[in-house]
Amino acid sequence: MRVYLDNAATTPLDKEVLETMLPFMTEFYGNPSSIHTHGREVRSAIEKSRKTIAQLLNTSPAEIVFTSGGTEADNTAIRCSIEALGIKHAISSPIEHHAVLHTLESLHKAGRIQLHMVEVDKKGYINLNHLEELLKQYPKSLVSLMHANNEIGNVTDIQLAGELCRQHGAIFHSDTVQTMGHFRHDLQKLPVDFIVGAAHKFHGPKGVGFLYINAQNRIQPFIHGGSQERNMRGGTENVYGIIGLAKALEIAYRDMDEHQQHIQRLKSRMIAKLQTEIEGIAFNGDPIQSDKSLYTVLNVSLPIAEVGEMLLFNLDINKISASGGSACTSGSEIGSHVLRSIHANPERASVRFSFSKFNTEQEIDFAVQTLAEMYKKEKVA
Ligand SMILES: Cc1ncc(COP(=O)(O)O)c(C=O)c1O
């Protein structure tokens, strides 16, 4: 048995999704920009996919732009809103994904914006009172706060964050890569300007995603070229990717309650078993608060000083694929910026297990058993 517990990195493609994509790799090969029948049938499939996504998110198809994934969608939202809306200040958090952090840092280095960071506490929660203080000081900023953190799973109340942004005339971008397809986003109710999705995080294909752009915001493209995506992204569309993305999101919404319950059960089982099997086990983030913790992610902190990579390597040898990082020393580029930001103990090894609908209780038990044996050996050594 080989166990895949790295679903926050990427998920396996759903067979039902593959079936939907296949005809667009063979039979329907026209360029969607061509005006002949071959082109038009593909164009119509793309527009149908856009409509499906818009309906699931309760918004208009004109507000959905297909991209090459989460990173491009985040870059587009951040760079193009700062550029087009003349934004001078950005507010973000130190636990954002590098797709957001490195984009903001490069704009800061280039002198385009001043960057302000919202405080994060030891449990990984973003301090929304501090956000409000920053917004009072720097209204009309661009605020970029992720919905759920990919390493420790903390969920931020983006409804509240968005309302604060609206009150202060700020533009709100939320990196929803880890919650898209796992939570229901209702864009009639959610006060956001930009959210994003990446198909490979919810059993769709890699290399495709989308950006939601609230119609109030007029921005210019990130990738210039042809008039594809209503002039918002040049380049021939990733047709089968887009078809797969829409199908994957449709399945995710269709089966969401059932899968959420299943995955939450697996996570709770792993927490309980680890607590019995490994003395001194702890968790990064706040996984016990199930309503504030992403149900697909569990970040385990082990009372051993083994270097993060060695632990992952040993897990791999024992047939478990997981990922993670360590807090390492501050200022170092190695290790996890998220764990450092929450002041995780660098003397402890951390490993992130992340689950999907395809995981089973047996796999969880196998992983716990393996980790417990590794821990016992380390203690004796
Ligand atoms: C929170 C978050 N944002 C952005 C990304 C980047 O998405 P992609 O790999 O589709 O570019 C990821 C992927 O790991 C992520 O977890």
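Anyway, here's the lowdown on the structure attached to this text. Here the structure is a predicted model, which is why all the values come from computation and not from measurement.

### Structural notes on the pairing of strand β8 (residues 209-213)
The side chains of a regular strand alternate, residue by residue, between the two faces of the sheet.
Piece 1. In terms of residue burial, β8 counts as a mostly covered element, since 5 of its 5 residues are buried.
Piece 2. Burial along β8 is two-sided: the residues Gly209, Leu211 and Ile213 and Phe210 and Tyr212 are all buried.
Piece 3. As paired strands, strand β7 (residues 194-198) and β8 are joined by 5 bridges and run antiparallel to one another. Paired with Phe194 across the two strands is Ile213, which belongs to β8.

### Overview of the packing of aromatic side chains
Piece 1. Across all of its chains, the model carries 2 aromatic pairs by this definition.
Piece 2. Summarising the aromatic geometry, the rings of Phe24 and Phe28 are spaced 5.2 Å apart at their centres and angled 35° between planes, so their arrangement reads as tilted.
Piece 3. Taking 6.0 Å as the distance between ring centres and 40° as the angle between the ring planes, the aromatic pair formed by Phe183 and Tyr295 counts as tilted. A residue pair is termed long-range when its members are at least 10 positions apart, and Phe183 in the loop between β6 (171-174) and β7 and Tyr295 in the loop between β9 (282-284) and β10 (297-302) qualify at 112 residues.
Piece 4. Judged by its relative accessible area of 3%, Tyr295 is buried.
Piece 5. Positioned above the aromatic ring of Tyr125 is the side chain of Lys292, whose terminal nitrogen or guanidinium carbon lies 6.0 Å from the ring centre.

### Re the state of the cysteines
In a disulfide, the sulfur atoms of two cysteines are held together by a covalent bond.
Piece 1. Enumeration according to the criterion identifies 0 disulfides in this entry.
Piece 2. The thiol sulfur of Cys165 is not disulfide-bonded, and the nearest other cysteine sulfur, from Cys80, lies at 19 Å.

### Overview of the side chain of Glu72
Piece 1. Within the fold, Glu72 resides in helix α3 (residues 70-84).
Piece 2. If sequence neighbours within four positions are ignored, Glu72 has contacts with Thr67, Phe222, Ile223 and Arg233.

### Some words on the sheet that holds strand β4 (residues 114-117)
Piece 1. The 7 strands are arranged β2-β8-β7-β6-β5-β3-β4 in an open sheet whose pairing can be described as mixed. Two strands bound the open sheet, and with one partner strand each, they are β2 (64-67) and β4. Adjacent strand axes in the sheet meet at a mean angle of 20°, parallel and antiparallel pairs treated alike.
Piece 2. Relative to β4, strand β3 (residues 89-92) runs parallel, the two sharing 4 bridges. Bridging across to β4, His89 finds its partner in Gln114.

### Regarding helix α9 (residues 256-277)
Piece 1. Under the 1.5 Å per step criterion, the end-to-end length of α9 is 31 Å for 22 residues, consistent within 8% with the ideal 32 Å.
Piece 2. Those residues of α9 not exposed but buried are Met256, His259, Ile263, Gln264, Leu266, Lys267, Met270, Ile271 and Leu274. All buried residues of α9 fall inside an arc of 155° around its axis, so they share one side. Among the exposed residues of α9, those pointing more than 90 degrees away from its buried face are Glu258, Gln261, Arg265 and Thr276.

### Quick word on the pattern of salt bridges
Piece 1. Using the criterion set out here, one finds 19 salt bridges in the structure.
Piece 2. As a salt-bridge pair, Glu250 and Lys247 come within 3.8 Å of each other at their nearest N and O atoms. Of this pair, Glu250 and Lys247 both sit in helix α8 (residues 239-254), 3 residues apart, roughly one helical turn.
Piece 3. The network of salt bridges with shared partners includes Arg43, Glu47, Arg50, Glu229 and Glu237.

### A word on the site of the ligand
Piece 1. Gly70, Thr71, Asp175, Gln178 and Lys201 are the nearest of the 13 residues found near the ligand.
Piece 2. Between the ligand and the protein, one listed contact pairs an oxygen atom with a side-chain N or O atom of His97 at 3.4 Å.
Piece 3. Within the side chain of Gln178, a nitrogen or oxygen atom sits 2.8 Å from an oxygen atom of the ligand.
Piece 4. Bound to the protein, the ligand loses 84% of the 390 Å² it would expose on its own.

### A word on the sheet that holds strand β12 (residues 349-354)
Piece 1. Spatial ordering of the open sheet is given by β9-β10-β12, a layout of 3 strands whose pairing is antiparallel. Taken across any chain shown, the strands that pair with only one partner, and hence form the sheet edges, are β9 and β12. With direction set aside, neighbouring strand axes in the sheet form an average angle of 35°.
Piece 2. Lying on the sheet, α9 is in contact with β9, β10 and β12; it crosses β10 at an angle near 10°.

Calculation criteria
- Residues numbered from 1 in each chain as written.
- Predicted model: local features only at pLDDT ≥ 70, side-chain atom pairs only at ≥ 80, totals over all residues.
- Heavy atoms only, no water.
- Buried < 20%, exposed > 50% of the residue type's maximum accessible area, 1.4 Å probe, protein only.
- Helix = DSSP H or I, 4+ residues; strand = E, 2+ residues; numbered from the N terminus.
- Pairing = 2+ DSSP bridges.
- Phe/Tyr/Trp six-rings, centres within 6.5 Å; stacked < 30°, edge-to-face > 60°.
- Lys NZ or Arg CZ within 6 Å of the ring centre and 35° of its normal.
- Disulfide = S-S within 2.5 Å.
- Contact = heavy atoms within 4.5 Å.
- Axes fitted to C-alpha atoms, helices over the stretch in contact; angles between N-to-C directions.
- Expected span 1.5 Å × (residues − 1).
- Arc of directions from axis to C-beta.
- Salt bridge = Lys/Arg side-chain N within 4 Å of Asp/Glu carboxyl O.
- Near = heavy atom within 4 Å.
- Polar contact = N/O pair within 3.5 Å; in protein donor to acceptor, adjacent residues only side chain to side chain.
- Areas by Shrake-Rupley, 256 points an atom, 1.4 Å probe, with all protein chains shown as cover.

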